[in-house]
Amino acid sequence: MPGVQVTSMAPVIDPRAPADMASRSLAPDLARGFMLLLIALAHAPAFVSRWDLGPAALNTTAALVRSLVAENQARAMFVFLFGYALGQLTQRQHARGSDWTSIRTLLRRRSLGLIAIGFAHSVLLVPFDIVAVYGLTLLLVAPLVRTGGAVLWWISALTLVPATLLLSWQSVTAQTAAAMGTPMTMAQLMAPDYGTHVLAGLPFWPVKTAASTIVVVPGMLPGIWAARRRLLDEPERHAPLLLRVAAIFMAVSVMGRLPMALLQIGAWTTSVSWTVAGAHALTGYAGGIGMAAAAGLVAIRIGRDPGRLAAALAALGQRSLTFYLFQSAAWVALFYPFTLDLRHDMGLAASCAVAVALWITSILLADWMRRAGHRGPAEVLLRRWS
């Protein structure tokens, strides 16, 4: 049974205030809404104790799809969109006449708000989090928001090395533990009561948050570059470029991630696990950018009059932080010993089915909020802080 990497992904926090479709770029919201599905697929199996319960064919299929599409890649896409949102914010503030001092103050407040939300999320819900990692990364690299494009790309390339090494180490460690019969899942780490659960992660939170910032930088900086060129705000103008990026980057992602996927389902064995893990992590960044470009192409196809399904999916993307936290609350309610404790009752495929059901529920709730004129409460809280 393959191990589960206990790493987390979180949605990009869009700084734009209006929640209606007319005042926002459709492509980033569609991307965020869809990627909440991939986040759920990446996280749900981490909360069950065994992956081999249930039909073997379904479990194998779920493991293959999850490894190819969700693991590492979903995080990379949201990191890219996080950078894109920062670039949009900076451009809007410049257009309003704000100087760099004012913009830097706004970015600092936003980063502190993200750190606070991430801390509460990690302590009160699940003990792994990337919202605070976004905030800390922004706090550290805010000056890069106004640097030249060449600098952004060089720093992104240089930080890919330590980021890939960190993600590869996590993957190899998980695979080694699984081979020894002790798979790394949250099910083995869950506290028996809520009080112990809250206290367990406190000592490790600062170190984990600081160490994870290196994973964010390689995807965030290209997002800032793309925002300056309005690639997703005006996808019609950049359709040929978006098509090339989507096709090439997603193809590279599939080729680089297929060996790990085959390794996880037992269809292939190799002694070069570090190489396979490195390719899986590295090409995940390419896949994340490629899927963001694909969202731009979908937005072109939809046009200016999205149907109800696209509007509902975009509504979910507009409230991505709220429904990311909603997912974590659902994991606690379903799987922890002091709640329903379903961790021993389902395998990999069943946990992925729960993830899909939770995503569909999120779409329905977000669409209701859109029609009722309600923003996401987490987005409102972050905006008030910053």
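Residues numbered from 1 in each chain as written. Predicted model: local features only at pLDDT ≥ 70, side-chain atom pairs only at ≥ 80, totals over all residues. Heavy atoms only, no water.

A. Layout of the environment of threonine 213. Tracing the sequence through the fold places threonine 213 in helix α8 (residues 205-228). Separated by 78 residues in sequence, threonine 213 and glycine 135 have C-alpha atoms that sit 9.1 Å apart. When residues no more than four places from it in sequence are discounted, the contact partners of threonine 213 are Val133, Leu136 and Thr137. (Helix = DSSP H or I, 4+ residues; strand = E, 2+ residues; numbered from the N terminus. Contact = heavy atoms within 4.5 Å.)

B. Focus on the side chain of histidine 280. Mapped onto the secondary structure, histidine 280 falls in helix α10 (residues 273-302). Of the residues examined, histidine 280 reaches a relative accessible area of 2% and is grouped as buried. In this structure, histidine 280 is in contact with Ser67, Glu71, Asn72, Gly256, Arg257 and Met260, ignoring residues within four places of it in sequence. (Buried < 20%, exposed > 50% of the residue type's maximum accessible area, 1.4 Å probe, protein only.)

C. Region of interest: the side chain of threonine 322. By the secondary structure assignment, threonine 322 is in helix α12 (residues 320-335). With near-sequence residues (within four places) excluded, threonine 322 lies in contact with Gly376, Pro377, Ala378 and Glu379.

D. Structural context of the pattern of salt bridges. Tallying each qualifying case throughout the model produces nine salt bridges. Where arginine 32 meets aspartate 29, a salt bridge forms, and the shortest distance between an N and an O atom there is 3.2 Å. Placement of both arginine 32 and aspartate 29 in helix α1 (residues 26-43) is noted, with a separation of three residues, approximately one turn of the helix. Accessibility classification places arginine 32 together with aspartate 29 in one group, the buried group. For arginine 371, the salt bridge goes to aspartate 367, with nearest N and O atoms at 3.3 Å. Of this pair, arginine 371 and aspartate 367 both sit in helix α13 (residues 348-372), separated by four residues, roughly a single helical turn. Several salt bridges converge on common partners, so that one network encompasses Arg308, Asp367, Arg370 and Arg371. (Salt bridge = Lys/Arg side-chain N within 4 Å of Asp/Glu carboxyl O.)

E. A nonpolar patch on the surface, seen in detail. Among the surface-exposed residues, Val161, Leu165, Trp169 and Trp274 lie close enough to one another that they form a single nonpolar patch of about 450 Å² accessible area. In this structure, valine 161 sits in helix α6 (residues 149-179). (Patch = residues over 30% accessible without salt bridge, like charges linked within 9 Å, V, L, I, M, F, W, Y side chains within 5 Å. Areas by Shrake-Rupley, 256 points an atom, 1.4 Å probe, with all protein chains shown as cover.)

F. Region of interest: unusual backbone geometry. In this structure, arginine 230 is a non-glycine residue whose phi angle is positive, near 55°. By the secondary structure assignment, arginine 230 is in the loop between α8 and α9 (239-264). With a relative accessible area of 37%, arginine 230 lands in the partly exposed category. Positive phi is not limited to glycine here, since aspartate 341 has a value of about 55°.

G. Structural detail: the packing of aromatic side chains. Following the criterion strictly, the structure yields ten aromatic pairs and no others. An angle of 80° between the planes, with centres 5.8 Å apart, marks the rings of phenylalanine 323 and phenylalanine 326 as edge-to-face. With phenylalanine 323 and phenylalanine 326 both in helix α12, this residue pair falls three residues apart, about one helical turn. An angle of 40° between the planes, with centres 5.6 Å apart, marks the rings of tyrosine 336 and phenylalanine 338 as tilted. In this structure tyrosine 336 comes out as buried when scored by relative accessible area, which is 1%. Owing to a relative accessible area of 25%, phenylalanine 338 belongs among the partly exposed residues under this scheme. An aromatic cluster is built from Phe47, Tyr194, Trp331, Phe335, Tyr336 and Phe338, whose rings are joined through pairwise contacts. (Phe/Tyr/Trp six-rings, centres within 6.5 Å; stacked < 30°, edge-to-face > 60°.)

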